[in-house]
Structures are given as C-alpha cells and as structure tokens.
There are 2 protein chains.
Amino acid sequence: MPMNKQWLLASRPRGAPSVDNFRLVESPVPAIGPGEVLVRNHYMSLDPYMRMRMDDAKSYAAPQPLDEVMQGGTVGEVVASNNPAFAIGDKVVGRLGWQLFARSDGTGLGKVDATRVPLSAYLGAVGMPGVTAWWGVNGIIEPKAGETVVVSAASGAVGAVAGQLAKFRGCRVVGVAGGPRKCEAVVEEFGFDACVDYKAGNLAGDLAAATPEGIDGYFENVGGAVLDAVLARVNAFARIAVCGLIASYSGAPIPVNNFRSVLVNRLKIQGFIISEHPDIWPKALAELGELVAGGRIRYRETVAQGIESAPEAFIGLLQGRNFGKQLVKLV
Amino acid sequence: MPMNKQWLLASRPRGAPSVDNFRLVESPVPAIGPGEVLVRNHYMSLDPYMRMRMDDAKSYAAPQPLDEVMQGGTVGEVVASNNPAFAIGDKVVGRLGWQLFARSDGTGLGKVDATRVPLSAYLGAVGMPGVTAWWGVNGIIEPKAGETVVVSAASGAVGAVAGQLAKFRGCRVVGVAGGPRKCEAVVEEFGFDACVDYKAGNLAGDLAAATPEGIDGYFENVGGAVLDAVLARVNAFARIAVCGLIASYSGAPIPVNNFRSVLVNRLKIQGFIISEHPDIWPKALAELGELVAGGRIRYRETVAQGIESAPEAFIGLLQGRNFGKQLVKLV
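Just so you know, these numbers come straight off a predicted model, no measurement behind them. (Residues numbered from 1 in each chain as written. Chains lettered and ligands numbered in written order. Predicted model: local features only at pLDDT ≥ 70, side-chain atom pairs only at ≥ 80, totals over all residues.)

Trainee: Would you mind showing me how to read the interface of chain B and chain A here?
Mentor: How big an interface is tends to be reported as the loss of accessible area on association of its parts. Between chain B and chain A, the residue contacts involve 27 residues of the former and 27 residues of the latter. Sorting the residues of the side of chain B that touches chain A by element identifies β12 (234–242), α7 (260–264) and β13 (268–271) of chain B as the ones contributing at least two each. Classifying every residue of the side of chain B that touches chain A by side-chain character gives 15 nonpolar, 9 polar and 3 charged. As paired elements, strand β13 (residues 268–271) of chain A and β13 of chain B share 3 bridges and run antiparallel to each other. Paired with Gln270 of chain A across the two strands is Lys268 of chain B, which belongs to β13 of chain B. (Contact = placed C-beta atoms within 7 Å. Helix = DSSP H or I, 4+ residues; strand = E, 2+ residues; numbered from the N terminus. Nonpolar A, V, L, I, M, F, W, Y, C, P; charged D, E, K, R; others polar. Pairing = 2+ DSSP bridges.)

Now the structure itself:
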C-alpha cells in the first residue's frame, strides 16, 4: 500500500504566503470503516479564497485550522468502498483537501461523468468557479443585450466563464488581465470583444477606449486600481458583483477612491460567496456541463505536477502566474 | 406690487462654496398667462444634493445652470390663478427655486393640507427628505425586527426620519451625529437607542460599544470615516443604502479603506436618488403624513429668516451647522 501525503498549514502568513507556511507529512493510507469510501485524488484545486482562510480573521468561513490538512476542492476516483452509493472506479468531486488519499462517508461527495467533460473541468468551468461565474452574471449583474460588461482576472477560472456567459446574453464584454499573452487569449480563445492589459501602464485610458459606451456590469475578482478605473466608467444603475478582491488578500487594504460613483450612478454592489447559494448549483452545473461538453465554453488550465508542487503553485496563483484554472495533478 | 427677489448661481465653487458663488437679483413680480398661477413661496428647502449640482460634472442630474435661479423645493401659497385646478389661497409644494414669487403652469405643483401638518413639513418629513428615508429603509435596507440599523447624519431631515422608521420595524437603531447636543436629541426626541458623536474622537470604539451585535443595515448620508467605521462592524448580509456622501461633496474624494468587507460580509450596497422612484411617493407620503400628524414621527427644523440669508444657511448646512431640516422662511 502506498503512503498518503498531506499538506498541513504550518503557520499563518504575514502578507504574502511562503512555502514555509506549509508542511508536508506522510502517513499510512487510512483504512475505511463501515459506510466509508477511500478516494484517490487525481486533481487538487487551488483557489484565491484559500488565502483569506489562512488568516485568523473574521471572514465568511472559519479559518483554515493550523496543523490540519489544507482544505480545498478535489476530483478523484473511488479506490475502496464500504458505501453502497459508491463503487470502485467511480469518479467523484468533493472537498477532500491537499492530500493524495482521503477517507469519506460520502457526505459532500458527488459522482461525475468524466466521459463528456474532462475530470479536471469539475474543479473549473463545471465546478465551483463556473457556478461562481454563473451566479455573478445571471444572479447579480443580470446584463441585458447591448450592455457592456467588464470582467477582471478575465483569463482566470472564474473570469473566463463569466465573460463567455455575458456574451451569450448579447453583451459587449471587456476583460481585464495581466500581460499581452493572457489578453490575447481572452479575445481569441474566449471570445471577449476586447481585453485591457492592466500591466501596460494606461489602465484608465485603455479601459475607456474599450468601453466607449461606459460600463453597465462589472464582475469583480481583483479590487484595487481596476475597481477604481471601473467606478470612473460606470453608467447609471450599473451592477457590480464582488466575487474576489485578490489584490488585497495578502496586504494592507487598498483604498477605493471613487466610491462617490455609487451615489452619482446609483450603483448596486453586491458581494457573494457561491457556497451560500446551494439552490442554484444544480441548474448552473447542468447548463455549464452542456456548454463545456458542446465546446461552447472554453477555458485554460495551469497544471502543476505532483503534490509537492502545491505551495509554489498556490503562491504563483496569488501573483497571477497561472493562466486559467490552477490545478495540481496527483496521478 | 412687491418686487421679486431671486438667487442665481453666479459661479461654480472650487471646494467649499462661498456667498460669492451666488448673486441676488430683483425684478418685477411676473405677470401670469393663460393657465398659469403665481405662487408666493413661504419656505425654501436647502438640501445637500444642491452642492453636487453646483459642479459642472457628470452626475445624476444636469448641473444647475449658471446665471439662472437656484433650483430647489418650495412650499407656498397661490396668490393669483388662471388655472382652474388652483384657487387663490391654495397651499402648494413644488420646485420653484430660490425666489420669493414664481409663475407656474401647475406642472409638478401639488396642493397640500396645511391644517393637519405644518406647511414646512412638506419640505421635510412629509416631503422629499421623508420619502428618501422611507425608501432607503423600506426599499433597500428592509430591516427585520431585532436587527441593528445605523443612520448617519441622524439629526438631519433624512436621518431622523430614517431612524424612526427603522424603530417602527422593531430594530435597534443607532445614530451618528456631530456634537453632544445633536446626539442627545437623536436619543431623547427621535427615540433612537443610542447615538455616536463622531466629533468626540473615538468613532470606532463608540460605534462598537453602541452596536454590540454588529450592524445589519446602514443608512448612509455622510461617507468618509463614518462609512469605514461601519464597514468594520457590519454583519454578514448587511445592506447599505447610499443616500448621500456629504463629507466628500466639496473636496477631494475620501478613500474607502474597508471595502474588503463587501466581500467578507457579502454586503449589498445600493445608491439611490429618490426622484427616480416616483411610484413609491404616494404611498410613502400618505404614511409619513399620518405619522407626522399623529405625532409619531418627530423632526427638527433650522429656519433662516429671509431670502437674503439663503447662501449663508446653505453653507452652514454643508458644514453641519444646521439641526434638522434647513429651511429659509420667506413670509
């Protein structure tokens, strides 16, 4: 029997995390009890929200406990089962954390069809990030045909899907991403109408040029300078879905200078956490599954190899070094 | 026949307005044509939003034109009429501007009953400020019994009514106001549960002490430090109605530092302009009229005497020197 490997949170970061904040431990693969299954994880999901949970601060979820396995989404395969709902060989999505093997009583574990959609997509466009995009666009921004929607972190796991969903609603969709390579993919692969490179040094001017009729909806993943630039361009009654503020996860809060726009333009700004909307998941996943299977939604993945690579890959994600969904491949 | 007096906007302020930005002119009282009425204004309303309109900047309303009569709400009496809908002696509310007399074809002019409710109240608790409070509380914050609602500028024309409406919904209501005299009235006269004096030098601590169970709703009239202090105290799913940001009307934008709270606490922030919700005015005014007539809503007024006093009174309003609704008495 192979050994299990697990990443624990060793210490809480001050500012940007480092690999020292994590500790890799080995232990025997656990035996399963009555009603339990053993899952071998194939992919781990790395997501920006994990940074917030590393802090011991008031937030929407309990902090990641110290000296416990890092929590996170996974897809894998059932390799042993005492649970009649799961057979050996079943592909499952769940939140089994940063480890090679995990025991589960089946709670929160979902069987998925990896024949029409790649298994890894259940951590991306047909998983939590996709549903996040779906709700931000369809539940909060609710754009009408002809409106302009801006999406930050547009090449990312959430942003790429958000923009494509807004395109299906007949909008002009403008991405914001870092660097010409990402911006090119946002337009050429994902079909956005334009993409602004926030690293090019002319954010306000480039955003204005890309949104000649102003901005009616904004899918916010970043915060900071991008948010201020958008607030300066919004039209009356614009809607801003605040999904992430990655620019401020590891440092001091970044002030918002153009808050007055909320009043002047009668904005609606709404923060959300997709796990709090369980009612919409089945509908969103069904739609996203069809769209991905049919090739109508495209996405990118950055795949780190082996569980040892997880901390470095996570740090890179927070710095925007990934391109699309950041995964760790375990098998 | 007496002469008319009118205040025109002479120049646009840079920063805080001064009396030099206004010009008083005299002219004959206008003759009325077919279908028209002549109204003698009894009270003029002074409101913070007027400061925004003095700028030639993109905003929700067209700027106040230079060299034209300052726009604003008024109550008065019909003193001549060629319009069968209005008789001499009718009391009317409208937007006839900073002047003693005004000609009107009746558009936007409403007859009011000054026997149950004082005429001046139609510019305050039973007028635009009252409806603003009503919609912010009932349409945006929608507080449930037992929740905590904070109201800034709590002794003002809007804030005092907003807090009393939230009390009717069974909330703990905490005001924020400037100075012990206003804070005392907010609690003793208006029935708030507590009031924080933002000038006392301990805003964060005092607000925390007054909101032991956090904040579920915030009626925002001010912005700046008060908004940041509230963002640091909000509970999950809190609602913020942005009615005004008076702290930043005359100067540089004041950065918001705690925007991350929007995500962490899944806030809804909504800016609104009450003139854009005409459908709710009749219901709101009917309710407010009953509440004021029955003595269940209380309010304060600061009344400047004579049209000559209007610019000074307006400048004082922007500095918080008023106490309750700022009016100019003309008759």
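On we go from here.
Trainee: Explain helix α2 (residues 128–141) of chain A here, please?
Mentor: Count 3.6 residues to each turn of an α-helix, and residues three or four apart come out pointing the same way. Compared with the 20 Å implied by 1.5 Å per residue over 14 residues, the 18 Å span of α2 of chain A between its first and last C-alpha is a close match. Taken as a whole, α2 of chain A has its buried residues at Met128, Pro129, Gly130, Val131, Thr132, Ala133, Trp134, Trp135, Gly136, Val137, Ile140 and Ile141 of chain A. (Expected span 1.5 Å × (residues − 1). Buried ≥ 20, exposed ≤ 12 C-beta atoms within 10 Å, placed from the backbone.)

Trainee: So what exactly am I meant to see when it comes to the nonpolar core here?
Mentor: For soluble globular proteins, the rule of thumb is that nonpolar side chains tend to be buried together. Ala310 and Val328 of chain A together with Ala310 and Val328 of chain B are the most contacted members of the largest nonpolar core, which totals 226 residues. In this view, Ala310 of chain A contacts Trp7, Met44, Leu46, Trp98, Ala304 and Val328 of chain A; residues no more than four positions away in its chain are not counted. (Core = buried A, V, L, I, M, F, W, Y, C linked by C-beta atoms within 7 Å.)

Trainee: I tried to follow the relation of the copies chain B and chain A on my own but got confused; where do I start?
Mentor: Mapping one chain copy onto the other needs a rotation about an axis and a shift along that axis. With an RMSD of 0.0 Å, the operation that places chain B on chain A is a rotation of 180 degrees combined with a shift of 0.0 Å along the axis. In the structure described here, the two chain copies are related by an operation that fits a two-fold rotation axis. Taken as a fraction of all interface residues of chain B, those also at the interface in chain A reach 100%, which identifies the copy contact as same-surface. (Least-squares fit on C-alpha atoms with pLDDT ≥ 70 in both.)

Trainee: For this particular structure, what's the right way to read the environment of Ala121 of chain B?
Mentor: Residues and elements named next belong to chain B. If you trace the backbone, Ala121 turns up in the loop between β7 (110–111) and α2 (128–141). Judged by the 25 C-beta atoms lying within 10 Å of it, Ala121 falls in the buried class. For the pair formed by Ala121 and Ala194, sequence separation is 73 residues and the distance between their alpha carbons is 25 Å. Among residues more than four places away in sequence, those in contact with Ala121 are Val126 and Val292.

Trainee: Before we go on, may I ask you to explain the pairing of strand β4 (residues 74–81) of chain B in this structure?
Mentor: The side chains of a regular strand alternate, first on one face of the sheet and then on the other. Residues and elements named next belong to chain B. Here strand β3 (residues 37–45) runs beside β4; their pairing, made up of 7 bridges, is antiparallel. Within β4, the position partnered with Val37 by the bridge is Ser81. Both β4 and strand β5 (residues 91–94) contribute to a ladder of 4 bridges, which runs antiparallel. Residue pairing across strands places Glu77 opposite Lys91, the latter belonging to β5.

Trainee: Which parts of the structure should I look at to understand the pairing of strand β10 (residues 194–197) of chain A?
Mentor: Residue and element names in this part refer to chain A. Taken together, the 4 bridges between strand β9 (residues 172–177) and β10 define a ladder with parallel strand orientation. From the neighbouring strand, Gly175 faces β10, where its bridge partner is Cys195. After leaving β9, the chain enters helix α4 (residues 180–188) and then returns to the sheet as β10, a path that is right-handed. (Right-handed = clockwise from strand over helix to strand, strands pointing away.)

No statement about biological role is implied by the geometric values presented.
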